[in-house]
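Chain by chain, the residues run as shown.
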Amino acid sequence: MKLVVEVIDAHDLMPKDGLGSASPYVEVDFQNQLSRTKTIPKNLNPIWNQKLLFDLDSHHLHSSIEVSVYHERRPVPGRSFLGRVRISCSNLVSKGDQVYQSFQLESKSFLSFVKGEIGLKIYTSSSESHHPNNSTPKISSLPTTTTTTQAPIVDDSITLIQVKGNTKTHTNQAETASATRIPIQEAHTSVIEECGGVRSETTRHIHKHQQSTPSSVTRTDRVHHLTMQQQQQTGPKLRRRAEHEPNVRSQGDDDFEVKEASLHLGEQWPNNGGRAWMSGERMAATLDLVEQMYYLYVRVVKAKDLAVSAITASCDPYVEVKLGNYKGRTRHVERKTSPEWNQVFAFSKERIQSSILEVLVKDKEMVGRDECLGRVVFDLNEIPTRVPPDSPLAPQWYRMEGKARGEVMVAVWMGSQADEAFTEAWHADAASVHGEGVYNIRSKVYVSPKMWYLRVNVIEAQDVVPGERSRLPEVAVKVQVGSQVLRTGVCPNRTANPIWNEDLLFVAAEPFEEHLVLTVEDQIHESKDDVLGSITLPLDSVEKRLDHRPVHSRWFNLDRRRVHKFSSRIHLRVCLEGGYHVLDESTMYISDQRPTAKQLWKPPVGVLEVGIVSAQGLLPMKMKEGRGSTDAYCVAKYGQKWVRTRTILDTFSPKWNEQYTWEVYDPCTVITLGVFDNSHLGGGGGGVRDTRIGKVRIRVSTLEAHRVYTHSYPLLLLHPSGVKKMGEISLAVRFTSLSLAHTIYIYAQPLLPKMHYLHPFTVNQVENLRYQAMNIVAARLGRAEPPLRKEVVEYMLDVDSHMWSMRRSKANFFRMTALLSGAMSMNRWFEDVCNWKNPVTSVLVHVLFLILIWYPELILPTAFLYAFVIGVWNYRVRARQPAHMDARLSWAEAVQPDELDEEFDTFPTSRQGEVVRMRYDRLRSVAGRIQTVVGDVATQGERFHSLLSWRDPRATSLFLVFCLGAAVLLYVTPLRLLLLAAGLHVMRHPRFRSKLPSIPSNFFRRLTARTDSML
């Protein structure tokens, strides 16, 4: 029987060579058998992929494996410690059940600093044998009386690496050192010759707390053995079947990380000398966060004195602007010799292939070829340049060349995307779009409607007469605002004067288009309600309040279907709440916190500028003319302002180069940017939806003031088959602080307006109101031109973030585990101190403890000074770039296919009964574990409560005697002496310890709880 320790890789090691790097190797010690891997020079994220074999005996259950990482010093021989891991052998698995595990490296002592983690696969095997061609460096045996054996290294013969669709091979022998190394952290693929074939093992990069089934990790493919020379000649022929392994990422970690982008921001106008394209060296200061794009603009205003047709005696003129192979045309005007168009055409400088511009006026013919009425020709070398903020260039009359008479008014100039005409212009790169699709590709700025919370306090009603006089009514009130419907409870007393005093909350948006409709109903039985009266109130007449002071209540007469001698009436208190912020997005990544009423707004603390530069490597989103195509546009949302870039057609690397600005009222907010594929280029039908490509969030508080961040962010999207990188987006972001004192003041203020704390909403009310607010925003923005469609708004606002997801539940659980890991590490360190694992550290802790006991006034200053030193120390390793969507933190890499299918399921479910039953059973098992944990917590609390409850008379009597003795002892003994004795007792040497539990622990575990009273 052999023990196999497969050393895969390591990440984020501590640099030791003085040049910011290290040359690490791994040394494994098991039962005095010592073996090591090869050395990877100058790499803090090394990849070994080596197997170390050890002899395994029957007493291995009580042994441990010590894996140490060292830096090999050169040219002077020696080594430096980089960290170690101790792994118990009690949970070893057999071959086939092994999974990749990532272990955090630990230090030898308190004074040694290490960081990073190492990836291993550990298992037992009876079929592993020593590789005859492998050689390992000799390591001297440990000094011991037992015979020490040398464990050999078993290397994989070939390693396959798939990066962005290309598969490369290299061996682990000497030729590996000369080959180009490709770092891989997420997927490791090894191929081992076996029975004349090749076996492929693909292992996902998962943490040590993740679980994975062998069937989802290992699979067998038959491939051909290729050498490095054959691979370079024949190209990639080995491809992994990604559709069968959706959760295994083929990209490395770098593809999922934020990268520095090399952008040429705020370029100067080109100056080629003489009569060039642009003249001068002026800067477009209004757009300094994007790359300058240069355009030839042609504004066709109108024409006059055009000739009429000899056949029809009329003229239906239009203008055609021709530049090389590009042609743009205005709309035609029927039966008019002096038409007006006022249309702008834009031609990108990068695509211009001609030196002359032609403006042709044509007469549209019903049959045959359109007749040319005349033309005007412009030499591009004579075109003037306009740089904002110059005033627009005045159009001029030009006499047309040709047989016909007439003049046309045209303005032609050179400019950039900062020109006012850029947004509304017809662009040459969108010449294939016609009709309604032209409006759907333009860039626009939108503003969310101003929304209010509408509070309806239904107090009481009088003289409510039911339809049947023989019975007393069971009255409830239904209140409706647009599509929002809420009901009060049925009055518990069957009376003609019911009392409810219930608050109902709605969301209303300006301008108020809906009315408040209130209906009083008599519940005859469960399926039938009789309307006793109703009232309709326009929202414009409702009182608005800005604070918690109550508004006046009013009586309203009900409109009744039946004529009665007396009129029924209802008592209401209705108001529009201006002191709240209407939440349309989650508070975790909220972009605006201001209340509805503008009177309560504070001045802005800064300005946020975002340059949406370009995207790279987008995937095809649809098929067009038999090939993949993407028509991408970007949407950004911050506060009430939404922006949408223009759509760049049929390219996987669109360049937008558009810059937008927002006022920042609170730095602890988030801007969201999403990229979508435009599916409405032909006008679009009602069932066509714009497809999501990816999303990026940037928290403003993480940005340094007055610094320009130029980064490329990965666009990650969760599919039913797993997480997928859809491309990258390049952004330039700058936050400018207007007042440092005001910014510091904001950090001391509540996150939301004060009304959220004086009169808070329940959790259910917050979720329902947020959903209604999102629907209102989507409906209002969907009526704009071009519309910002509902699917776009829902994705930007994360409307489904509150839905159940096993993946999110796991991610949140391990977030909490990571949060507590520091306390757990400190507890393990203190246990090592108490157990005297390192005598020097234990002595130092005892000395520090004695100093703090003797001078207790130093405790708090020492704690705060320690926190200050840690903060200053961490400044060196602070994040230099904004955060991004983390697939590993979101648990999107190791998620099971069924869990993803459950997350993408509709609500209510649309799956078959067997699938729903299986998911229900799984949910029951998870809830059962949570139930056990909650029960254990309740048990510990009940044991504390039973100390003085006399449920166990003997235990309570003993505790009372202890309390009396403790009171006398604490009264006559100085507190400092008691703390000294308690501290020394806790940290006593293991020679004076017992392995049995302590007396207080034994006493507490024997206390009674109420578990024996539960059914």
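Our structure's up above, just so we're on the same page.
What comes next concerns the included structure. A quick note: this is a predicted structure, and the numbers were derived from the prediction, not measured. (Residues numbered from 1 in each chain as written. Predicted model: local features only at pLDDT ≥ 70, side-chain atom pairs only at ≥ 80, totals over all residues. Heavy atoms only, no water.)

Tallying secondary structure elements over the protein chain gives 15 helices and 43 strands in all. Expressed as a percentage of its 1015 residues, the buried residues of the protein chain come to 45%. Here the protein chain has roughly 54,300 Å² of accessible surface; of this, 56% comes from carbon and sulfur atoms. (Helix = DSSP H or I, 4+ residues; strand = E, 2+ residues; numbered from the N terminus. Buried < 20%, exposed > 50% of the residue type's maximum accessible area, 1.4 Å probe, protein only. Areas by Shrake-Rupley, 256 points an atom, 1.4 Å probe, with all protein chains shown as cover.)

Here we take up the pattern of salt bridges. Opposite charge on two side chains makes pairing possible when the charged atoms of those side chains draw close. If you walk through the whole model with that rule in mind, you get 54 salt bridges. As a salt-bridge pair, Glu 424 and Arg 442 come within 3.0 Å of each other at their nearest N and O atoms. Pair noted here: Glu 424 is in the loop between β22 (407-416) and β23 (426-427) and Arg 442 is in the loop between β23 and β24 (444-447), with a separation of 18 residues, a long-range link. Among the residues examined, Glu 424 registers a relative accessible area of 39% and is labelled partly exposed. Taking the relative accessible area as the measure of exposure, Arg 442 reaches 18% and is therefore buried. One salt bridge in this structure joins Arg 783 and Glu 513, with 3.1 Å as the shortest N-O distance. Of the two residues, Arg 783 sits in the loop between α6 (763-781) and α7 (790-797) while Glu 513 sits in the loop between β28 (499-509) and β29 (515-525), which places them 270 residues apart along the sequence. Assessed through its relative accessible area of 56%, Arg 783 is described here as exposed. (Salt bridge = Lys/Arg side-chain N within 4 Å of Asp/Glu carboxyl O.)

Turning our attention to the packing of aromatic side chains. Both the distance between ring centres and the angle between the ring planes are used here to describe each pair of aromatic rings. Tallied over the entire structure, the rule returns 20 aromatic pairs. Between Phe 676 and Tyr 795, the aromatic rings sit 5.7 Å apart at their centres with planes inclined by 85°, giving edge-to-face as the arrangement. Here Phe 676 is found in strand β40 (residues 670-677), whereas its partner Tyr 795 is found in helix α7, with 119 residues between them in sequence. Of the residues examined, Tyr 795 reaches a relative accessible area of 8% and is grouped as buried. (Phe/Tyr/Trp six-rings, centres within 6.5 Å; stacked < 30°, edge-to-face > 60°.)

Within the largest apolar cluster, 67 residues are counted, with the highest numbers of intra-cluster contacts made by Leu 608, Ile 612, Trp 642, Trp 656, Leu 673, Ile 698 and Ile 729. Ranked by residue count, the leading element in this core is α6, at seven residues. The next biggest cluster of nonpolar side chains, apart from the first, holds 30 residues, and it includes Val 520, Val 542, Ile 570 and Leu 572. (Core = buried A, V, L, I, M, F, W, Y, C linked by side-chain atoms within 4.5 Å.)

Moving on to the sheet that holds strand β16 (residues 317-323). Spatially, the four strands line up as an open sheet ordered β17-β16-β19-β20, and their pairing is antiparallel. Edge positions in the open sheet fall to β17 (326-329) and β20 (371-379), since each of these has one partner strand only. Here the strands of the sheet are splayed against their neighbours by 20° on average, with no regard to which way each runs. Inspection of the sheet shows strand β19 (residues 356-363) paired to β20 by eight bridges, in the antiparallel sense. (Pairing = 2+ DSSP bridges. Axes fitted to C-alpha atoms, helices over the stretch in contact; angles between N-to-C directions.)

Note that Asn 457 resides in strand β25 (residues 451-462). A distance of 2.9 Å separates a polar atom in the side chain of Asn 457 from a polar atom in the side chain of Asp 503. Apart from residues lying up to four places away in sequence, Asn 457 is in contact with Asn 501, Glu 502, Asp 503, His 571, Leu 572 and Arg 573. (Polar contact = N/O pair within 3.5 Å; in protein donor to acceptor, adjacent residues only side chain to side chain. Contact = heavy atoms within 4.5 Å.)

Our focus in this paragraph is the pairing of strand β33 (residues 569-577). Of all the nine residues making up β33, seven are buried; the element is thus mostly covered by neighbouring parts of the structure. Across nine bridges, the pairing between β25 and β33 is antiparallel. Directly across from Glu 460, in β33, lies its bridge partner His 571. With four bridges joining them, strand β32 (residues 554-557) and β33 adopt antiparallel strand pairing.

A separate point is the packing of α6 against α7. Two elements in contact, α6 and α7, have axes separated by 9 Å at closest approach and are oriented at 140°. Taken as axis vectors, α6 and α7 run oblique relative to one another. Of the two elements, α6 crosses α7, and the hand of that crossing is right-handed. Side by side, α6 and α7 meet where Arg 770, Met 774, Asn 775, Val 777, Ala 778 and Leu 781 of the first sit next to Lys 790, Val 793, Glu 794 and Leu 797 of the second. Class assignment for the residues of the contact of α6 with α7 results in six nonpolar, one polar and three charged. (Parallel < 35°, antiparallel > 145°, perpendicular 65-115°, else oblique. Left-handed = near helix turned anticlockwise from the far one by under 90°. Nonpolar A, V, L, I, M, F, W, Y, C, P; charged D, E, K, R; others polar.)

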